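Residue strings, one per chain:
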Amino acid sequence: MLQIRLGHDAPALIDDWLGRSRIGFRPGMTESEAWEAGRGVWKLKAANVLAQEEIQIISLDGIVRAVATITGIKKCGDRQAVEGDLLIGDPRVGKLTTTPHRSRNSVEYF
């Protein structure tokens, strides 16, 4: 599993590769908003991402905010965004992750 931990809500870069105006986590986000904020853009190794079946987007407090199956990656300059199918209503959403994020980096593989 690939896990991405969102930082605090902040404005996205003007030329954001995914067309987002905000990135990071803010209370009240929907699963779709958490997915869009968390799926990219990151320094990822394509082989490592594609070796995983699913991605969890978590907030700094370790709560799962979105879960998706991984279907591919999208090149965004020297970074990548994860492509996938969001699993709306996954029972893990809203609960503490069972795989605590051990890394200081936002991206971790389990």
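That block above? That's the structure.
Predicted model, so just to flag it, every value in this text is computed and none were measured.

Criteria and cut-off values
- In every chain, residue numbers begin from 1 and rise along the written sequence.
- Totals for whole chains, interfaces and linings use all residues, but because this is a predicted model, local features are given only for residues with pLDDT of at least 70 and pairs of side-chain atoms are given and counted only at 80 or more.
- In computing side-chain properties, one takes all heavy atoms of the structure into account and sets aside hydrogens as well as water.
- Helical segments are the DSSP runs of H or I of at least four residues, strand segments are the runs of E of at least two, and each set is numbered from the N terminus.
- As used in this structure description, the phrase polar contact means that two N or O atoms lie within 3.5 Å; if the pair is within protein, one of them must be able to donate a hydrogen and the other to accept it, and residues adjacent in sequence are counted only when both atoms belong to side chains.
- For the exposure calls, accessible area comes from a 1.4 Å probe over protein chains only, and a residue counts as buried if that area is under 20% of its type's maximum, exposed if over 50%, partly exposed in between.
- By definition, a salt bridge exists where a carboxyl oxygen of Asp or Glu is found within 4 Å of a side-chain nitrogen of Lys or Arg.

## Comments concerning the environment of E108
- In this structure, E108 sits in strand β8 (residues 107-109).
- Separated by 61 residues in sequence, E108 and A47 place their C-alpha atoms 14 Å apart.
- Within the local environment of E108, its side chain forms a polar contact with the backbone nitrogen of S103, the two atoms lying 3.3 Å apart.

## Examining the side chain of Q80
- With respect to the element layout, Q80 can be found in strand β7 (residues 79-86).
- Under the relative-accessibility criterion, Q80 is labelled buried at 12%.
- Polar contacts involving the side chain of Q80 include one to the main-chain amide nitrogen of L44, which spans 3.1 Å.

## Quick word on the pattern of salt bridges
- Inspection of every chain in the model, using the stated rule, returns 12 salt bridges.
- A salt bridge links K43 to D78, with the nearest nitrogen and oxygen atoms 3.3 Å apart. Here the residue K43 occupies a position in the loop between β4 (40-42) and α2 (46-50), and D78 occupies one in the loop between β6 (64-76) and β7, the gap between them amounting to 35 residues.
- The class for D78 is exposed, based on a relative accessible area of 53%.
- Here the residues in one salt-bridge network are D9, R22, R26 and E33, joined through shared partners.

No statement about biological role is implied by the geometric values presented.
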